[in-house]
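Coordinate inspection notes
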Amino acid sequence: WSSGWSNGWNKGILYEKILSYRKMYIRQIPDEDVADILEEPLDFVKKIFTYFKNHPDWDDQMIVEKLAGEDSKEIIRREQ
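Residues numbered from 1 in each chain as written. Predicted model: local features only at pLDDT ≥ 70, side-chain atom pairs only at ≥ 80, totals over all residues. Heavy atoms only, no water.

Description of a negative patch on the surface
- Taken together, the side chains of Glu32, Asp33, Asp36 and Glu39 define an acidic patch exposed on the protein surface.
- Note on glutamate 39: relative accessible area 63%, which makes it exposed. (Patch = residues over 30% accessible without salt bridge, like charges linked within 9 Å, V, L, I, M, F, W, Y side chains within 5 Å. Areas by Shrake-Rupley, 256 points an atom, 1.4 Å probe, with all protein chains shown as cover. Salt bridge = Lys/Arg side-chain N within 4 Å of Asp/Glu carboxyl O. Lys, Arg positive; Asp, Glu negative; His and termini not counted. Charge placed at Lys NZ, Arg CZ, Asp CG, Glu CD. Buried < 20%, exposed > 50% of the residue type's maximum accessible area, 1.4 Å probe, protein only.)

Here you go:
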């Protein structure tokens, strides 16, 4: 039970990050600036921006699912 809850919690945090990234991507804020403003790793922001560019048909939830199990655990660990 607790692992399912934790996984859902982590996906929720990641979803909120993706929402912020997308807003900045739409406003054409450079990925370097996004990483600096949000104090996130540049390589992770670049990865998300690449998803936005290469998969314009994907919604934020699809990106979260794609990232689940990849970088998300490391990103979430930094938040706690």
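Describing helix H4 (residues 60-67)
- Every buried residue belonging to H4 is among Asp60, Ile63, Val64 and Leu67, and all of these are buried. Buried residues of H4, viewed axially, fall in a sector of 100°; they line one side. (Helix = DSSP H or I, 4+ residues; strand = E, 2+ residues; numbered from the N terminus. Arc of directions from axis to C-beta.)

Focus on helix H2 (residues 31-38)
- Among the residues making up H2, those that are buried are Asp31, Val34 and Ala35. Summarising the axial view, the buried residues of H2 lie within an arc of 100°, below the 170-degree limit, and thus occupy one face. Of the exposed residues in H2, the ones pointing more than 90 degrees away from its buried face are Asp36 and Ile37.
- One or two residues past the end of H2 sits glutamate 39, with phi positive at roughly 55°.

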